[in-house]
Amino acid sequence: MSGAEVHAVEPLGLLAMGDQLVAYQCHHHSLLLDQTVVDALGGEAWAVRKHAAFESARCLLTSLFAEQGALRAPERLAYASDLFAAMGQGELRFDVTAEGGVVRGERLHYGSSYAEKYGETTRNKSVLDAFGAGYAAAAASLAYPSDWGLFDAEETSCVGRGDDGCSFTLVRRPERGRRGVSVNRPAAERLAREIEKRGARRMPSSLPRRDDVEGLSLDSLDVKSIDPRVEPPEAPEPRDPPGSREIASAEASLTRLLEDASAAEAGVMRLFGTRVAIVPVSYVDQITFDTMHLVERRTPELSPIYAALCREAAAMGAFHLLGGVIASPHWTGSGALGRDRTRIVYELAGIARAVGWGAIEVSEIVAGKRLVLRSRTAHENVYYAIRHGASMRKRLVFLQGLAIAMMQLSHEVDWAAEAPIRPGVYAGIVQGGPHFKAEETRSTARGDDACEIVVTRV
Amino acid sequence: MAESLSGADPTKQTRTAPFSGVPLVSFEPFEHHSSPTTNRIPAPSPTALAIGRRATPPAVLPAIEEETPTAPATQPKQAEPTSEAVRPSQAEPPHLPDLSGVTSLEERCDKIIAWITSATGATDVFIADETGLLLAGTAGDVEARLAGSGSVASAVAGLAESVARGGSPIFEMHLGEGPFFQLVGFSAGAGLHVVGFSRSAPLTPRQAHAVRLACRHALGEIVRRTVAPPPRVPTVPLTDTDKTRRLLEILVARAPDPHIARLRVALRAGVTLDAVASPDQLGGDARVLVETAALDILGLGRGELRGLL
């Protein structure tokens with residue numbers, strides 16, 4: 001992959017390219033999450049998404065350029081183009097100089113996926129490839145660095161809008177880019193050690209008040225909420241969580257499948273019945289949480305609606321990607337035979353780890369009624385802790401959606417059917433309203449030693 | 001609109017050789033009002049009699065000179081060849097096609113389109129209904145042109161309703177600076193239809209009315225027969241709340257991912273789910289926001305709302 005490889009960040013259940021965290025996502029999740037941000041912010045959504053794409057792409061490319069050594073501007077652009085295609089995001093062709101230029105896109109993940117999924121039924125009036133725009137601008141800014149400013153990209157045509165192709169115009173803007181804290185591998189590992197230590201300590205029975213912790217870092221939270229005189233209890237005998245062996249086996253199996261996967265079309269990864277792309281965690285979580293904060297500040301009464309749509313995006317994406325894996329003829333787990341629905345849940349957890357969604361564990365499962373997921377390091381709580389610190393609100397919308405999808409997949413899909421995850425199956429499951437609800441009972445952002453999601457039947 | 005043209009000149013009624021009620025208008029650019037030789041009306045034919053039985057045409061439509069941008073208004077009009085000039089043999093309007101015994105809607109439309117093409121020299125002739133659904137013909141870049149034509153027809157129908165409740169929505173319009181895209185609206189059966197075509201010079205209103213009447217003859221009876229309108233009952237106008245509720249029902253039926261359609265409307269419009277569930281509690285501004293959000297999700301413009309309801 002352009003000299004860049006996807007590395008597992010063990011044992012966190014995360015993936016990295018260079019030092020940046022990434023994850024596999026399918027087009028169902030990508031489209032619905034972007035659409036939700038647009039629904040929430042209207043005209044501001046393009047800027048929010050493009051800024052997140054620029055930041056995440058600049059961090060990713062900076063890290064990878066450093067590994068490559070000295071590269072001239074055209075080589076940097078060529079590398080960026082190859083990387084974009086290898087990530088399954090489509091093809092970018094740069095026609096850019098230090099003054100600016102044009103970038104043409106082919107088969108871009110967002111625009112093309114939209115045209116494929118909704119193009120025949122819905123007319124879309126807006127351009128869709130904010131990630132492509134931010135990525136192109138970041139690549140050009142790194143290829144032609146200048147004290148005067150950074151490149152900004154606008155998408156001038158988009159196949160998702162019915163245009164013949166996608167293209168971007170790049171111009172240099174005098175303003176300096178805002179740069180947040182980098183959510184990279186070292187920061188994630190540091191955080192994981194911190195959470196691990198927290199788990200070994202005795203936590204106070206009552207949580208600190210929100211006013212005490214909102215806006216403070218995790219370090220501050222620890223100092224404030226944990227009595228340092230309390231000695232850590234004796235470490236209990238380590239005990240493997242239920243299904244550990246199945247989870248590890250599934251993770252290893254999918255990792256092998258992903259390593260062997262090859263792109264049939266340039267820039268496109270069609271895997272397990274979906275179009276899959278490698279997406280920087282910073283992009284996905286930044287647009288999720290920046291929008292969440294804006295909604296909370298402006299129209300708090302709409303926060304539950306926004307959260308519900310983010311949760312749905314995660315559930316829809318997980319249903320199709322994870323379910324597609326198990327339904328794949330390449331999958332050899334016994335879950336594929338439909339014999340053991342509990343085992344399917346374990347396999348789904350392993351698959352979620354392999355695609356970089358976090359160290360997902362299954363704490364409890366009551367067939368068809370209750371599922372308890374647990375994770376110390378899912379990509380969203382890692383991102384939130386590094387970028388924003390502590391929060392008393394329930395924010396783990398991706399994990400909630402994942403947990404619901406796992407229940408749907410394990411108990412509402414006919415795995416004996418010839419094509420269990422065929423088009424229309426998901427719509428059939430959700431059309432009568434939700435069958436499961438997810439409750440976030442614990443979160444590292446609230447000072448707990450792990451995140452916990454409890455799913456129950458409605 | 002066009003009715004005002006129909007009974008215009010009673011003095012010429014005496015010269016009318018009725019085409020069994022079907023008005024015939026020369027589409028030639030070189031004809032003149034005062035020339036009796038160029039205003040000849042073909043002898044009636046049995047076919048035309050059959051077709052024209054239900055017509056309520058103008059008593060006479062004089063041959064109308066086609067406006068050509070180059071002809072000075074003060075000079076006497078002459079038979080100058082223009083881009084629309086046709087062969088001498090076409091100086092007389094062609095006979096209307098024989099539709100007796102033709103029961104297929106498509107076939108009738110095709111015949112009348114052939115007649116329009118022959119009589120007017122127009123190209124890309126098509127007939128569509130108010131929603132932009134193609135009944136016959138070709139419309140060049142079909143989708144966009146049909147969708148736009150449907151939008152225009154729908155908007156005109158709304159406008160006609162606002163001008164006078166129950167008023168006639170027939171209309172004609174042309175677009176461009178040459179060649180012209182012309183759209184003629186006509187009522188047939190229960191709804192408004194349009195006939196569209198391209199031409200280097202637009203038809204005058206009277207000529208357009210002749211095309212309208214021809215189309216009405218072709219479609220009127222059969223549309224009435226095949227697409228029987230619902231029995232007329234006293235219509236109670238929809239209230240704003242009813243419209244919003246209906247739109248939301250359509251949204252859930254047609255939106256992509258319908259299970260989250262109401263959530264999306266609420267988020268886009270900035271109102272709570274309870275408000276979306278009870279449109280009667282929405283204020284005027286909130287109602288507009290909700291409707292706009294629903295239309296956006298469906299990919300429709302506000303002008304298409306009436307056609308949707």
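See above for the structure.
Parameters at a glance
Residues numbered from 1 in each chain as written. Chains lettered and ligands numbered in written order. Predicted model: local features only at pLDDT ≥ 70, side-chain atom pairs only at ≥ 80, totals over all residues. Heavy atoms only, no water. Helix = DSSP H or I, 4+ residues; strand = E, 2+ residues; numbered from the N terminus. Buried < 20%, exposed > 50% of the residue type's maximum accessible area, 1.4 Å probe, protein only. Contact = heavy atoms within 4.5 Å. Salt bridge = Lys/Arg side-chain N within 4 Å of Asp/Glu carboxyl O. Phe/Tyr/Trp six-rings, centres within 6.5 Å; stacked < 30°, edge-to-face > 60°. Buried area = accessible area lost by both parts, 1.4 Å probe. Polar contact = N/O pair within 3.5 Å; in protein donor to acceptor, adjacent residues only side chain to side chain. Core = buried A, V, L, I, M, F, W, Y, C linked by side-chain atoms within 4.5 Å. Pairing = 2+ DSSP bridges. Axes fitted to C-alpha atoms, helices over the stretch in contact; angles between N-to-C directions. Parallel < 35°, antiparallel > 145°, perpendicular 65-115°, else oblique. Left-handed = near helix turned anticlockwise from the far one by under 90°. Nonpolar A, V, L, I, M, F, W, Y, C, P; charged D, E, K, R; others polar.

A.B. asks: How should I be thinking about the overall build of chain A in this particular structure?
C.D. replies: Looking only at helices and strands, chain A features 15 helices and 13 strands. Sorting the 458 residues of chain A into buried and exposed places 58% on the buried side. Taking the intrachain contacts of chain A between residues at least 6 apart in sequence as the baseline, contacts between residues at least 24 apart amount to 70%.

A.B. asks: How should I be thinking about the pattern of salt bridges in this particular structure?
C.D. replies: Working definition: two side chains of opposite charge can pair if their charged atoms are close together. By the definition in use, this model includes 34 salt bridges over all chains. Overlapping salt bridges, with partners in common, bring together Glu196, Glu361, Arg374, Arg376, Arg442, Asp449 and Glu452 of chain A in one network.

A.B. asks: It is not clear to me how the packing of aromatic side chains should be interpreted in this structure. Could you clarify?
C.D. replies: In this structure the tally under the stated criterion is twelve aromatic pairs over all chains. Seen in terms of ring centroids, Trp357 of chain A and Phe398 of chain A are 5.0 Å apart; in terms of plane orientation they differ by 85°. Their pairing is edge-to-face. Remark: Phe398 of chain A occurs in helix 14 (residues 397-411) and Trp357 of chain A occurs in the loop between helix 12 (341-354) and strand 10 (361-366); sequence separation between them is 41 residues. The pair Trp357 of chain A / Phe398 of chain A is uniform in exposure class, with both members buried. A ring pair is formed by Phe126 of chain B and Phe181 of chain B, whose centres lie 6.2 Å apart and whose planes are at 15°; its orientation type is stacked. Here Phe181 of chain B lies in strand 4 (residues 180-188) and Phe126 of chain B lies in strand 1 (residues 123-129), a separation of 55 residues in the sequence. Exposure class is identical for Phe126 of chain B and Phe181 of chain B. Each is buried.

A.B. asks: Would you mind going over the interface of chain A and chain B with me for this structure?
C.D. replies: Note on interface size: it is often stated as the accessible area lost on association of the parts. Listed per partner, the contact involves 21 residues of chain A and 20 residues of chain B. Between chain A and chain B, the buried area comes to about 1,700 Å², and carbon and sulfur atoms account for 63% of it. Counting across the chain A and chain B interface gives two salt bridges. Measuring nitrogen to oxygen at the nearest pair gives 2.6 Å for the salt bridge that ties Arg264 of chain B to Asp39 of chain A. Linking chain A with chain B are six residue pairs in polar contact (both at pLDDT 80 or more).

A.B. asks: How should the nonpolar core be read in this particular structure?
C.D. replies: Soluble, globular proteins show a tendency: their nonpolar side chains are buried together. Ranked by size, the top nonpolar core spans 173 residues in total, and within it Tyr283, Trp357 and Leu402 of chain A carry the most contacts. Considering every element that reaches this core, the biggest residue donor is helix 11 (residues 303-327) of chain A, with 16 residues. Membership of the second largest hydrophobic core comes to 25 residues, among which are Leu105, Ile113, Ile127 and Ala208 of chain B.

A.B. asks: Would you mind showing me how to read the sheet that holds strand 5 (residues 100-106) of chain A here?
C.D. replies: Whether parallel or antiparallel, the strands of a sheet pair through hydrogen bonds between backbone atoms. All names here are of chain A. Taken in spatial order, the four strands of this open sheet run 4-5-7-6, and their pairing is antiparallel. The sheet terminates laterally at strand 4 (91-97) and strand 6 (150-157), the two strands that pair on one side only. Strand-to-strand twist of the sheet, defined as the mean angle between neighbouring strand axes without regard to direction, takes the value 20°. Bridging between strand 5 and strand 7 (residues 166-173) involves six bridges; their strand directions are antiparallel. Directly across from Val102, in strand 7, lies its bridge partner Thr169.

A.B. asks: Quick question: what am I supposed to make of the environment of Ile360 of chain A here?
C.D. replies: Residues and elements named next belong to chain A. Topologically, Ile360 is positioned in the loop between helix 12 and strand 10. The sequence separation of Ile360 and Leu348 amounts to twelve residues, and the corresponding C-alpha distance is 9.3 Å. Setting aside its immediate chain neighbours within four residues, Ile360 contacts Ile247, Ala349, Ala352, Arg353, Leu373, Arg374, Ser375, Leu399 and Leu402.

A.B. asks: Whenever I open this one, the packing of helix 10 (residues 281-298) of chain A against helix 11 of chain A confuses me. Can you help?
C.D. replies: Each packed pair of helices is defined by two parameters, the angle between the axes and the distance between the axes. All names here are of chain A. Running from amino to carboxyl end, helix 10 crosses helix 11 at an angle of 165°, the nearest separation of the two axes being 9 Å. The angle between helix 10 and helix 11 falls in the class roughly antiparallel. Where helix 10 crosses over helix 11, the handedness of that crossing is right-handed. Residue-level inspection shows Ile287, Thr288, Thr291, Met292, Val295 and Glu296 of helix 10 in contact with helix 11, the latter providing Ser303, Tyr306 and Cys310. By residue class, the composition of the contact of helix 10 with helix 11 is five nonpolar, three polar and one charged.

A.B. asks: Where do I start with unusual backbone geometry in this structure?
C.D. replies: Only a minority of non-glycine residues have a phi that is not negative, and only a minority of peptide bonds are not trans. Here the bond from Glu10 of chain A into Pro11 of chain A is cis, since omega is -5°, no more than 30 degrees from zero. Within the secondary structure, Pro11 of chain A is located in the loop between strand 1 (6-9) and strand 2 (14-17). Cis geometry marks the peptide bond from Gly178 of chain B to Pro179 of chain B, where omega comes out at -5°. Positionally, Pro179 of chain B belongs in the loop between strand 3 (171-175) and strand 4. Its identity is not glycine, yet Asp257 of chain B carries a phi of approximately 55°, on the positive side. Here Asp257 of chain B is to be found in the loop between helix 6 (240-254) and helix 7 (261-269).

A.B. asks: I tried to follow the side chain of Gln400 of chain A on my own but got confused; where do I start?
C.D. replies: Residues and elements named next belong to chain A. Structurally, the position occupied by Gln400 is in helix 14. According to the relative accessible area criterion, Gln400 is buried, its value standing at 4%. A polar atom in the side chain of Gln400 sits 3.1 Å from the side chain of Glu440. In this view, Gln400 contacts Arg311, Ala438, Glu440 and Ile453; residues no more than four positions away in its chain are not counted.

A.B. asks: Where do I start with the sheet that holds strand 5 (residues 191-199) of chain B in this structure?
C.D. replies: Residue and element names in this part refer to chain B. Strand order in the open sheet formed by five strands is 2-1-5-4-3, and the pairing between neighbours is antiparallel. Looking at strand neighbours, the two that pair on one side only are strand 2 (134-137) and strand 3, the edges of this open sheet. Each strand of the sheet is rotated relative to its neighbour by a mean of 15°, with strand direction disregarded. Here strand 4 runs beside strand 5; their pairing, made up of nine bridges, is antiparallel. When the bridges of strand 5 are listed, Leu183 appears paired with Gly196. Relative to strand 2, helix 3 (residues 105-120) is tilted by about 50°, and along the sheet it contacts strand 1, strand 2 and strand 5.

A.B. asks: I'm lost on the pairing of strand 2 of chain B in this one. Help?
C.D. replies: Both faces of the sheet carry side chains from a regular strand, because those side chains alternate between them. All names here are of chain B. Judged from the three bridges that link them, strand 1 and strand 2 form a sheet pairing that is antiparallel. Residue pairing across strands places Phe126 opposite Gly137, the latter belonging to strand 2. A loop of four residues connects strand 1 with strand 2, the two strands running antiparallel in sequence, and Gly132 in this loop sits at a positive phi of about 90°.

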